[in-house]
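# Observations on the model geometry
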Amino acid sequence: MEHGSFSDNSAATFSLTDEDHTLANSVRFTLNQDPRVTFSGYSIPHPSQARVNIRVQTTGDPASEVLKDACQDLMLMCRHVRSTFDKAVEDYKASNAVKAMKIDSKEEDSSDSEDSE
Amino acid sequence: MAEQDEGRGKEKKFSIWDLPDVPMGQLPPHLELQRTRVLCNKDAPIHTESIQYSGAYSSIGVDNSVRLDNFCNNFRVEVIQLNEDDMVFDMIGIDAAIANSFRRILIAEVPTMAIEKVLIANNTSVVQDEVLAHRLGLVPIRVDPRLFDYMSENDQPNEKNTVVFKLHVNCKKGSPRITVKSDELKWLPNGSELVKESTANSDSSSKPETYTYFSCSQESVPEFVKNPIAPKYPDIILAKLGPGQEIELEAHAVKGIGKTHAKWSPVATAWYRMLPEVILLEDVKDDLAEELKSKCPVNVYDIEDIGKGKKRATVARPRSCTLCRECIRGDDWEKRVALRRVKNHFIFTIESTGALPPEVLFTEAVKILEDKCERVITELS
């Protein structure tokens, strides 16, 4: 739900239901990073009601476009985080598997072995 | 920026940025310190907010925005420890807002299965019905919640949205007291066995109606044949029975999220901390070095010999620093040691309760944030 003025669509307040700080803070961060934005912020009108108001003011572009771009950026960041994380976990598991094999072979080689960690 | 006297043609245009030692397009070091580090002083930390506004340094010509390609180039993940139930990993190059969103989603919005409805046939123990039902709800169940659907109020409980457990324990008269542990919860892959008492005309030919409507056994799913559904920990005490007491009940587990009730939270907890940075501002020698090393309770500092019997303190393990600030407590120590935190380096710890392994949990949490963004985008267009 967008509250703005018909004449000037560069500033608007977006009221999202069923949302809280989780999404609003991240969207506010990506909005701030956009150079077209002069002001962005969010507020929660009442903590018992799951509603968030996000305010966007831009240097001329329509506010809804800028918000959409910010959400797209956030989605792409999430995808990148996910792929980097998966790759890091795979690398860790692979290197651990190699280490475990090396430790096994070392234990086999030394007949009376002390603690080998 | 530069002041120019018009009309005085002889005056050359002078800009301080042309001086050879001013770094171009970069922040001066004290501002860079403010932007990227939290300074943990003796009384309170300063510069804790992250400077997110893209035009924050526009007056000196520095662009503060992190464009997507910059982010993708600078972002790194390093896994430090990965076990079956917990993991520790580093995320470098991300902002606190997004790291906090991941933490919130891990705790409250990743779905799990937990016992919700308990049909009690007989309970003569000292543990009341509702207390026993509450305890059953908190038992973590080792099943992948992605294989199930949510159950709303109008749905019938069927094999796609319910897991049924049975608990029947009896302590005979004359035998000692027994403790009911969670391994007594037996999985019923064919659905409920308690028969509903229907009122007048019950069709005598077909099977009696039970509380769930399973059209096929859950054992037909190969995943459940390999890993049968059971509570993750078999030694959780549910109740204690004296002689002559009996508990007979059936528990239905459904899918839910931690926001509704904490029993559906998939993590014991998940937290992050910023990487601590310990800097020695001046050389700490000899006695002072010994004193510094003994002050720290987690052994961040080490002594190294620099010859001629002189010793010097070095920072060996800044990562284990708990910021107890013991090393800056006495007089004058604040000018020798600086404690800081790196604002975009987060050490995440995730402890799973067992339904999903921790790396899968984090991936699911990121997917859920993506879904939220997509929902906003579709609402806007």
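Parameters and conventions
- Residues numbered from 1 in each chain as written.
- Chains lettered and ligands numbered in written order.
- Predicted model: local features only at pLDDT ≥ 70, side-chain atom pairs only at ≥ 80, totals over all residues.
- Heavy atoms only, no water.
- Core = buried A, V, L, I, M, F, W, Y, C linked by side-chain atoms within 4.5 Å.
- Buried < 20%, exposed > 50% of the residue type's maximum accessible area, 1.4 Å probe, protein only.
- Helix = DSSP H or I, 4+ residues; strand = E, 2+ residues; numbered from the N terminus.
- Contact = heavy atoms within 4.5 Å.
- Buried area = accessible area lost by both parts, 1.4 Å probe.
- Salt bridge = Lys/Arg side-chain N within 4 Å of Asp/Glu carboxyl O.
- Polar contact = N/O pair within 3.5 Å; in protein donor to acceptor, adjacent residues only side chain to side chain.
- Nonpolar A, V, L, I, M, F, W, Y, C, P; charged D, E, K, R; others polar.
- Domains from an automatic or database assignment.
- Pairing = 2+ DSSP bridges.
- Axes fitted to C-alpha atoms, helices over the stretch in contact; angles between N-to-C directions.
- Phe/Tyr/Trp six-rings, centres within 6.5 Å; stacked < 30°, edge-to-face > 60°.

## Examining the nonpolar core
Counting residues in each nonpolar core, the largest one holds 58 residues, and the members touching the most others are F89(B), M91(B), F102(B) and F362(B). With 14 residues, the top contributor of residues to this core is helix α2 (residues 63-109) of chain A. Those residues in contact with F89(B) that lie beyond four places of it in its chain are F85(A), V77(B), E78(B), V79(B), I80(B), F346(B), I347(B), F348(B), I350(B) and F362(B). Core analysis: the second largest hydrophobic core is formed by 27 residues, M113(B), V127(B), I141(B) and A253(B) among them.

## Section: the interface of chain B and chain A
If you look at the interface, chain B gives 45 residues, while chain A gives 40 residues. Summing both partners gives a buried area of about 4,000 Å² for chain B against chain A, and 67% of it is carried by carbon and sulfur. Considering only the surface of chain B that becomes buried against chain A, Q52(B), E370(B) and L380(B) emerge as the three largest contributors, covering 15% of it. Linking chain B with chain A are seven salt bridges. Here K372(B) ties to E19(A) by a salt bridge, and the two come within 3.6 Å at their closest N and O atoms. Viewed at the interface, chain A and chain B are joined by eight residue pairs in polar contact (both at pLDDT 80 or more). Mapped onto the side of chain B that touches chain A, the elements with two or more residues apiece are α2 (68-74), β3 (76-82), β4 (86-92), α3 (96-108) and α7 (358-380) of chain B. Classifying every residue of the side of chain B that touches chain A gives 25 nonpolar, eight polar and twelve charged.

## Remarks on the domain arrangement of chain B
Residues and elements named next belong to chain B. For chain B, the domain assignment lists domain 1 (31-110 + 266-380) and domain 2 (112-199 + 207-264). Relative placement of domain 1 and domain 2: their C-alpha centres are 42 Å apart. If you look at the interface, domain 1 gives 13 residues, while domain 2 gives 15 residues. Interface area, domain 1 with domain 2, both sides summed: about 990 Å², of which 51% is carbon and sulfur. Inspection of the domain 1/domain 2 interface yields four salt bridges. For K259, the salt bridge is made with E109, and the minimal N-O distance between the two is 3.6 Å.

## Some details on the sheet that holds strand β5 (residues 112-123) of chain B
Residues and elements named next belong to chain B. Sheet architecture is open: four strands sit in the order β5-β12-β7-β9, paired in antiparallel fashion. Two strands lie at the open edges of the sheet, namely β5 and β9 (186-187), each paired on one side alone. Looking at chain direction, β5 and strand β12 (residues 246-256) are connected through ten bridges and run antiparallel. Bridging from a neighbouring strand, M113 pairs with K255 of β12. Helix α4 (residues 129-137) rests against β5 and β12 of the sheet, and its axis sits at about 150° to β5.

## Brief notes about the packing of aromatic side chains
In this structure the tally under the stated criterion is eleven aromatic pairs over all chains. Between the aromatic rings of F148(B) and F224(B), the centroid separation amounts to 5.7 Å while the plane-to-plane angle is 20°, which identifies the pairing as stacked. Here F148(B) is found in the loop between β6 (141-142) and β7 (163-170), whereas its partner F224(B) is found in helix α5 (residues 222-226), with 76 residues between them in sequence. Like F148(B), the residue F224(B) is buried in the burial classification. Plain terms: the ring middles of Y272(B) and F348(B) are 5.5 Å apart, the flat faces sit at 40° to each other, and that makes the pair tilted. You can see Y272(B) sitting in strand β13 (residues 267-280) and its partner F348(B) sitting in strand β16 (residues 337-352), a full 76 residues away along the chain. For Y272(B), a relative accessible area of 23% translates into the label partly exposed. Within the aromatic cluster, the residues linked to one another by ring pairs are F85(A), F89(B), F102(B), Y272(B), F346(B), F348(B) and F362(B).

## Things to note about the pattern of salt bridges
Per the counting criterion, the structure on display carries 33 salt bridges over all chains. Close ionic contact of R104(B) with D20(A) constitutes a salt bridge, the shortest N to O distance being 3.1 Å. Taken together, the residues span two chains, with R104(B) in helix α3 and D20(A) in the loop between β2 (11-17) and α1 (21-33). The class of R104(B) is partly exposed, set by a relative accessible area of 25%.

## Some remarks on the sheet that holds strand β1 (residues 2-4) of chain A
All names here are of chain A. Taken in spatial order, the four strands of this open sheet run β1-β2-β4-β3, and their pairing is antiparallel. Among the strands making up the open sheet, the edge pair consists of β1 and β3 (37-43). Neighbour-to-neighbour, the strand axes of the sheet open up by a mean angle of 15°, direction not taken into account. As judged from the six bridges shared by β3 and strand β4 (residues 51-58), these two strands associate in the antiparallel manner. If you follow G41 over to β4, its bridge partner there is R55.

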